[in-house]
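Structural characterization, general
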Amino acid sequence: MIPAPFDYEVAESAEHAIALLGEREDAKLLAGGHSLLPAMKLRLARPSVLVDIGRLAELSYVRDEGEYVAIGALTRHRDVHHDPLLQEHCPVVSFAAGTIGDPQVRHRGTIGGTLAYGDPASDLPAVMLALDAELVVRGQGGERMVPASEFFTGVFQTAIASAEMLVEVRVPKRAAAGWSYTKMTRRAQDWATVAVAAIVERTNGAVGKASIGLTNMGATPLRASAAEDALAGGATIAEAAALIPDGTDPSTDYAASADFRRHLAKVLGRRALEEAVAR
Amino acid sequence: MAVIETRETFVGTSVKRREDASFLTGRATFIDNLTLPGTVYMAVVRCPYPHARIASVNLDAARAAEGVVAAFSGADLAEDWKGSLPCAWAVTEDIKMPPHFPLAVEEARHQGDGVAVVIAESRALAKDAAELVEVDYEALDATADVERALEDGAPLVHADLGTNECYVWKLETDGVQAALDAADVVVTRRYVQPRLIPNAMEPRGVLAQVGPTGEATIWSSTQVPHILRFALQIVLGIPEAKIRVIAPDVGGGFGSKLDVYAEEALVIALAKRLGRPVKWTEERSENYVATIHGRDTVHELTFAATKDGKITVVKSEAKCAMGAYLQLVTPGIPLLGAWIYNGPYDIPNYSVTFTGVFTHTTPTDAYRGAGRPEATYVLERTMDALAAELGIDPIELRRRNFITEYPAELASGLTIDSGDYHASLDRLLELLDLDSIRSEQTARREGGDTKLLGVGFSTYNEMCGLAPSRILGAIRYAVGGWDSATIRVQPLGSVQVVTGTSPHGQGHETSWSQIVGDQLGVALADIEVLHGDTAVSQLGMDTYGSRSLAVGGVALVHASAKIVDKARQIVSHQLEVSADDLEFADGTFRVKGSPEREMTIQAAAFQAHSAHNLPDGMEPGLEATATYDPPNFSWPGGAHAAVVEVDTETGDTRLVRYVAVDDVGAAVNPMIVEGQVHGGITQGIAAALWEEAVYDEDANLLTTTMTTYLVPTAAELPSFETDLTETRSPTNPLGVKGVGETGTIASAPAVINAVVDALSHLGVTDMQMPATPERVWRAIQEVKA
Amino acid sequence: MSIARKGKDLLRRVALTVNGTRHELELEPRELLVYVLRERLGLTGTTVGCDTSACGACTVLVGGESVKSCTMLGVQAEGFEITTIEGLATNGDLHPVQQAFHEHHALQCGFCTPGMVLAAVSLIESGGATDEEAIREGLEGNLCRCTGYHNIVEAVAAAAGVI
């Protein structure tokens, strides 16, 4: 319940944060702190210095950028959940943000924090993957764009290098698409046992093209590519849903066995696709 | 006892709680809120292995760390212990009771077993330094499985015992086998009841100070300050007379603080060694290995019955996990259910056997219901199984077997003083509207709905109000079951009530003031209830086992009677009338036929203290103590129903409705009673659907925090529908029976019976607790296959 | 924010406002807000029930919103206005949520109560306490072991004016 000692620096700007990160190898960024501080309280994480970026108001925003909506990395889940621009153009993002943790978590946790932590059980990574979002990563050499499909590299691992920080998330506008984020948890506040994000373009009321993101079905969030391909080839939702577990590698833990997770992915995937088509 | 006339009573009304103000405004006195000048902080180094030989403990680095005052290994402190941490319940003559000292010395026997302590100037520095303690462990084989532990070649928890079998206890009436042989039908079922972690919201904490002449004061988040006081003499050799135990505000217990823990002895021993107050506050993940667990049993239950559903035999054989050591009442927990394996049913032949088993786990002990949920679960599940076997409606089967005449002498040897099980069930069915649930259930099944409804019942009774001391003695429990009350009317009329009970959420201050307010006819505002400090309340047996009202509450009535008797003599003397000519009502003595000649009991108190004009030989003051030892247990009962919705594709099971009708005798404060029912049923529901301490094959605890051990939140639960039927207990003058555990005892089988009912048409006949999505889904797959 | 060094520890000078009173403190970075409130400021109404940010007992209002004070560093609270259970009543009058908890018997042992009350205040003030289901969902971050939540939900509904 008491973290090991560490130093603490307050970043005055993103550039300052990046510079501070470069000074110490085991430095960690502190945004909302709702992934990092719990690990530090159990002394499972022991960074020697925290660089607090939580006060960088300039990185808390939701902006209309024409083709996409830009979300500042320090935008809190609460603000993502309630943002009218996202509710209109990217409703699956605002919806999924409202299912994270509990109200207290959403009051502090940030979109950048949850994506950069790389927890495959978190909600927004699979949503970003399904949406083909782009993540803007800034380092001392400037910014680079990382597609969501290349961002998540392992359990708690991402494409962010040691002296870089995630500054923005760019979510394509998909107001016309049907969507669903269908999640099963043991308790409301828990991480997803399994969840499925589905984005569907309808053709004559049926699924034309679908993107399917999977939460907690492997070391990273995953796309259900086989199911997506089947749908593109004219398969029914039920046929496609049966393919969702293909290529996944879920873990066994207190909430479910790997086999049961594979089963749940099919059921939740089918339900997500059905809901997405209908809305 | 004097006859006490009463006015409109406080008892029976929902007086708002006087306890609330301090909690609602943040002024509670929980242990971690308390410090003394010069306090130092203890951290306990705990064994991370389920079983290990301790080769060496090196404290050099810890002792050299910033802020460290001292550090000790188990060997360093061995001379401080004059006795083992006590177990008060040697359930059989040949029970194996291995010693259990506050720190392990040569061998650690469960994860969390204490190995060393570090004391530092702050909590953080103590924690930092504890990490620097180097313990050389040699990991040994271990098992957390109660059945495997009894197999040949199983890793032994205490090698010198040569077995993991702690005891075998049996209660059997004559003729069980003959009745089994003669039965039309015999049903046997096996049940695994998971290990549960009590999770009082306040983790434990202790603060101790030892004075220059060895007098020790300990503040502890305990349910049992009086029991703790004499236990500490046993462990530390300090005379009880020099020990003061204070239980300040205690944030829930549920049995987990009905114990004597290593840390309670450690802080006193260290405070004595260091000459400074020592404090320890448990962290939650520490609580999961260092505070007792509950349940963890495997039962085989057999019913024999006639073909028309009259049950003739109940026979139970259970293996019950003790954990690695025997805590205060560990071996006795199964026995607390031993006499109710017939439940509310009249069953003439009776056989109950418990095998206590050591495993490499945190010790078990009392968790809400303690022995009675285990019994009621297997009984009520098997009622449904027998109903299915016989093709009799489960409600009808229960009715055919209900006890209906009181006092009811049970085959197990005890006597139920009162009850009306049909009445509770009748009221339950009125509230439930079973017909519409059944038609909705049928419609969903026929419509191919993936979300199916199930309804499950549990009719139950329990023995609580622990307990008649003579019976406790007969079943080898070391201490008595009485309780005490002291009432002191101060010179100006305010009333101090000192109780031997030790509340930690039950609202005794409010309820006790209602009882005394009625008995003495004084305003609630004039009454102050004191508890939880052995210097204030010398006599008491504390709070557990739904005993406080049925024992300590009744002591209040007896103490009040003594006060009224003495006041009557004073008034009689001063008004110069015979005591028999005085009526006492509404706090005032009046002369019969001349009601204008009167004196209030509070005025009499002033006379008692001024002592200017007392009867010859009367001692001044108006104070009385009564101890009350109940002649019988108390016997609440009732009928509960759960309605669940099961998602057959995901196994996700949600509680839709829960209806509880309980008979707890007279309700002193119906609001508090209802609150106890809500909380109790929630803990049983939680066991049925979410909670389970899971160990791997090597006895490592996997559910190590509140994120993986699933205590339900408001979002998982519905509002409850509750009501009371009332048969007053004839055993005590208040007519009360106790309510703390009823809900937990009744609810788990109702929920699981509902889950099985939802899936019964598919062929599902059993479901292990907790009914996780995966278990439910797999049960459906198995019957499909 | 300035830096002072004490021994080998890095201390930070932090100004925060708690229950309307401004405090300037020198904090170790690792001091969690809940311990700052409890041990530095003596505001022990905020309790610690777990070590995994699960139980919500330590909930306080930061800038008017519910936050688990075990999952925020004291140094992160620099400049914020914080309300704890001790600061909720005004001029001796209980806040409507405190009053409703009393009226509806929404507490037993009282340990989760401060956090539960503040979570409820935040929920109501954000407009989220619209009906029973929303209240139950809105309290998902707070564990109570005594009440089964029934009376808590009733109390919050009463305070929110939705029953």
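Residues numbered from 1 in each chain as written. Chains lettered and ligands numbered in written order. Predicted model: local features only at pLDDT ≥ 70, side-chain atom pairs only at ≥ 80, totals over all residues. Heavy atoms only, no water.

1. Re the overall build of chain C
Selection rule: Starting at the N terminus, helices and strands are each numbered in turn, a helix being any DSSP run of H or I of at least four residues and a strand any DSSP run of E of at least two. Two things to know: the radius of gyration comes from C-alpha atoms, and the globule rule equals 2.2 Å times the number of residues to the power 0.38. When a residue's accessible area, from a 1.4 Å probe over protein chains only, is under 20% of the maximum for its type it is buried; when over 50% it is exposed; and in between it is partly exposed.
For chain C, the helix and strand inventory stands at five helices and six strands. Scaling as 2.2 N^0.38, a compact globule of 163 residues should have a C-alpha radius of gyration of about 15 Å, and chain C matches this with 16 Å. With the C-alpha coordinates aligned to their principal axes, the bounding extent of chain C is approximately 55 × 30 × 25 Å. Within chain C, the fraction of its 163 residues that count as buried is 67%.

2. Quick look at the packing of helix 14 (residues 508–520) of chain B against helix 15 (residues 548–575) of chain B
Residues and elements named next belong to chain B. To keep it simple, the criterion reads: Think of each axis as a best-fit line through the C-alpha atoms, taken over the contacting stretch in the case of a helix, with angles from 0 to 180 degrees between the N-to-C directions. Crossing handedness is defined as follows: a turn of the near helix away from the far one that is anticlockwise and smaller than a right angle gives a left-handed crossing, while the clockwise case is right-handed. The contact definition used throughout considers only heavy atoms, calling two residues in contact when any of these lie within 4.5 Å. As a working rule, the residues Ala, Val, Leu, Ile, Met, Phe, Trp, Tyr, Cys and Pro are called nonpolar, Asp, Glu, Lys and Arg charged, and the rest polar, with Gly in that last group.
Axis separation between helix 14 and helix 15 bottoms out at 9 Å; the angle between their running directions is 30°. Helix 15 is crossed by helix 14, and the crossing has right-handed handedness. From helix 14, H508, W512, I515, V516, Q519 and L520 reach across to helix 15, where they touch S548, L549, G553, L556, V557, S560, I563 and V564. For the contact of helix 14 with helix 15, a count of residues per class yields nine nonpolar, five polar and no charged.

3. Regarding the pairing of strand 27 (residues 653–663) of chain B
Residue and element names in this part refer to chain B. Which entries qualify depends on this criterion: At least two bridges found by DSSP between two strands is the condition for calling them paired.
Burial within strand 27 is extensive, with eight of its 11 residues counted as buried. Direction of pairing for strand 26 (residues 637–647) relative to strand 27: antiparallel, over a ladder of 10 bridges. Bridging from a neighbouring strand, A641 pairs with V659 of strand 27. From the end of strand 26 to the start of strand 27, which pair antiparallel, there are five residues, and G651 there has a positive phi angle of about 75°.

4. With respect to the confidence of the model for chain C
Parts of the prediction with low pLDDT should not have their coordinates interpreted in detail. Stated formally: pLDDT: the predictor's confidence for each residue, scored from 0 to 100.
Taken as a whole, chain C shows an average pLDDT of 94; of its residues, 94% reach a score of 70 or greater. Low pLDDT (under 50) marks residues 1–8 of chain C, which in the prediction has 20 contacts with non-local residues, meaning those over four places away or in another chain.

5. Here we look at the sheet that holds strand 6 (residues 134–139) of chain A
Residue and element names in this part refer to chain A. Pairing is antiparallel in the open sheet, where five strands are placed in the order 4-5-10-6-7. Both edges of this open sheet fall to strand 4 (62–64) and strand 7 (142–147), since each of them pairs with a single strand only. Strand after strand, the sheet turns through a mean of 25° between neighbouring axes, direction not considered. As paired strands, strand 5 (residues 68–72) and strand 10 (residues 165–172) are joined by five bridges and run antiparallel to one another. When the sheet's bridge partners are listed, G72 is paired in strand 10 with E168. Of the strands in this sheet, strand 6 and strand 10 are in contact with helix 1 (residues 14–23), which crosses strand 6 at around 65°.

6. Points about the packing of aromatic side chains
All names here are of chain B. Put simply, the rule reads: By convention, a stacked pair of Phe, Tyr or Trp rings (six-membered ring in the case of Trp) has centres within 6.5 Å and planes under 30 degrees apart, an edge-to-face pair has planes over 60 apart, and any other such pair is tilted.
Tallying each qualifying case throughout the model produces 18 aromatic pairs over all chains. Measuring from centroid to centroid gives 5.4 Å for Y49 and Y137, while their planes differ by 65°, and the two rings are edge-to-face. Of this pair, Y49 sits in the loop between strand 1 (40–46) and strand 2 (52–58) while Y137 sits in strand 6 (residues 134–139), placing them 88 residues apart in sequence. On the accessibility criterion, Y49 (34% relative accessible area) is partly exposed. Counting every residue linked through ring pairs, the aromatic cluster contains W169, W339, Y341 and F354.

7. Observations regarding the interface of chain B and chain C
Our working rule: Defined here as a combined quantity, buried area equals the accessible surface (1.4 Å probe) lost by two parts on assembly, summed across both. By definition, a salt bridge exists where a carboxyl oxygen of Asp or Glu is found within 4 Å of a side-chain nitrogen of Lys or Arg.
In this complex, chain B contributes 52 residues to the contact, which on the side of chain C involves 47 residues. For the pairing of chain B and chain C, the buried interface totals around 4,200 Å² over both sides, and the portion due to carbon and sulfur atoms is 56%. It is L24(B), M201(B) and A714(B) in chain B that bury the most area against chain C; as a group they hold 18% of the surface buried on that side. Linking chain B to chain C there are four salt bridges.

8. Some remarks on the layout of surface pockets
As a reminder, the rule being used: Every definition here rests on a 1 Å grid over the protein atoms only: cavities are sets of points where a 1.4 Å probe fits but cannot get out, pockets are open sets enclosed by protein on both sides within 12 Å along at least five of seven lines, and lining residues have some atom within 4 Å of a point. Grid points are joined across faces, edges and corners, and a volume is the space filled by probe spheres set on the points.
Approximately 1,500 Å³ is the volume found for the second largest pocket. Taken together, 47 residues line the second largest pocket, and the ones lying closest to its centre are T99(A), A188(A), E133(C), E137(C) and E140(C). Elements that contribute at least two residues to the lining of the second largest pocket include exactly helix 3 (77–82), helix 6 (103–108), strand 11 (178–184) and helix 12 (258–278) of chain A, strand 26 and strand 27 of chain B together with helix 3 (113–125) and helix 4 (132–138) of chain C. Ranked by the residues each element gives to the lining of the second largest pocket, the list is headed by helix 4 of chain C, at five residues.

9. Here we look at the nonpolar core
Test applied: Throughout, nonpolar core names a set of buried Ala, Val, Leu, Ile, Met, Phe, Trp, Tyr and Cys residues whose side chains join them through atoms within 4.5 Å.
Among the nonpolar cores identified, the biggest contains 215 residues, and V117(B), W169(B), I268(B), F354(B), Y658(B), I685(B) and F101(C) are the most heavily contacted of them. With residues near it in sequence (within four places) discarded, F101(C) still touches L24(B), A106(C), L107(C), T113(C), M116(C), V117(C), I152(C), A155(C) and V156(C). Of all hydrophobic cores here, the second largest spans 46 residues; its members include V497(B), V554(B), A567(B) and F589(B).

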